[in-house]
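Tertiary structure, described
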Amino acid sequence: MNVTRCTWVGALLVGLSLFGALSALAVQPDEILADPALEGRARALSRELRCMVCQNQSIDDSDAPLARDLRILVRDRLKSGDTDGQVLNFLTARYGEFVLLKPRFGWDTAILWLAPATVVLVGIAGIFVASSRRRSSPSAIVPLTADEERRLKELAQRECQY
């Protein structure tokens, strides 16, 4: 491995570790629960909930004030004895299905869940149809007729004259 490659690999590793450290700073020390089991549940739930400000991050990774408020709300609900399902149902009732990073399967979200599988199945069917057509088409080269060969020679001679 040469020096340039080592430098790039080292820079990549440092960048990834810094990225991981920055996302770990989203949960503030004053939010962390004393009970490790409750904190683990809170962190797991926070990874399932979308930050309404960032929209492409979970509230566990977001530094937005609203994400902090939601993290505190999740922890308060857990401390009051709610199950994980009750916390998710409360937040979904309050903010809608959009608050979930992975929407639940239902009639209104069926297209989100079924579209990728449908596209894959249509692609497989297309490949199958194309390959079966290729197999059924004649693969032997049909020779030119005498008339076609004569016409081809005429066209070639005409091209050479120009």
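This text follows the structure it describes.
Nothing here was measured: the structure is a model prediction, and the numbers come from that model. (Residues numbered from 1 in each chain as written. Predicted model: local features only at pLDDT ≥ 70, side-chain atom pairs only at ≥ 80, totals over all residues. Heavy atoms only, no water.)

1. As for helix H4 (residues 84-95)
If you check H4, its first and last C-alpha atoms are 16 Å apart, about what 12 residues at 1.5 Å a residue would give, namely 16 Å. Of the positions making up H4, those classed as buried are Val-87, Leu-88, Leu-91 and Thr-92. Seen end-on, H4 carries its buried residues on one side only, within an arc spanning 130°. The secondary structure elements touched by the buried residues of H4 are helix H2 (36-48) and helix H3 (65-79). Looking one or two residues beyond H4, the residue adopting positive phi is Gly-96, at roughly 90°. (Helix = DSSP H or I, 4+ residues; strand = E, 2+ residues; numbered from the N terminus. Expected span 1.5 Å × (residues − 1). Buried < 20%, exposed > 50% of the residue type's maximum accessible area, 1.4 Å probe, protein only. Arc of directions from axis to C-beta. Contact = heavy atoms within 4.5 Å.)

2. Some thoughts on the packing of H3 against H4
At a minimum axis distance of 10 Å, the contact between H3 and H4 shows a crossing angle of 135°. Taken together, the axes of H3 and H4 lie oblique to each other. You can see that H3 and H4 cross each other, and the crossing is right-handed. On H4, the residues that touch Leu-70, Leu-73, Val-74, Arg-77 and Leu-78 of H3 are Asp-84, Val-87, Phe-90, Leu-91, Arg-94 and Tyr-95. (Axes fitted to C-alpha atoms, helices over the stretch in contact; angles between N-to-C directions. Parallel < 35°, antiparallel > 145°, perpendicular 65-115°, else oblique. Left-handed = near helix turned anticlockwise from the far one by under 90°.)

3. Quick look at the packing of aromatic side chains
With the rule as written, the count across this model stands at zero aromatic pairs. The ring of Phe-98 is capped by Arg-50, whose NZ or CZ atom sits 4.4 Å from the centre of that ring. When the ring centre of Phe-90 is taken as reference, the NZ or CZ atom of Arg-77 above it lies at 3.8 Å. (Phe/Tyr/Trp six-rings, centres within 6.5 Å; stacked < 30°, edge-to-face > 60°. Lys NZ or Arg CZ within 6 Å of the ring centre and 35° of its normal.)

4. So, the packing of H2 against H4
Two numbers describe how H2 lies on H4: the axes approach to 11 Å, and their chain directions differ by 35°. Two packed elements cross with a definite hand, and for H2 against H4 that hand is right-handed. Across the interface between the two elements, Arg-41, Leu-45 and Glu-48 from H2 touch Asp-84, Val-87 and Leu-88 from H4. Each residue belonging to the contact of H2 with H4 can be placed in one class, and the counts come to three nonpolar, no polar and three charged. (Nonpolar A, V, L, I, M, F, W, Y, C, P; charged D, E, K, R; others polar.)

5. Observations regarding the side chain of Arg-75
Positionally, Arg-75 belongs in helix H3. On the basis of relative accessibility, which here comes to 2%, the residue Arg-75 falls in the buried class. What Arg-75 contacts, discounting residues up to four positions off in sequence, is Val-27, Glu-31, Ile-32, Leu-33, Glu-39, Ala-42, Arg-43 and Ser-46.

6. Topic: the nonpolar core
Ranked by size, the top nonpolar core spans 18 residues in total, and within it Leu-45, Leu-49, Ile-59, Val-74, Leu-78, Val-87 and Leu-91 carry the most contacts. If you list the elements that add at least two residues to this core, you get H2, H3 and H4. Per-element accounting of this core gives the leading share, five residues, to H3. (Core = buried A, V, L, I, M, F, W, Y, C linked by side-chain atoms within 4.5 Å.)

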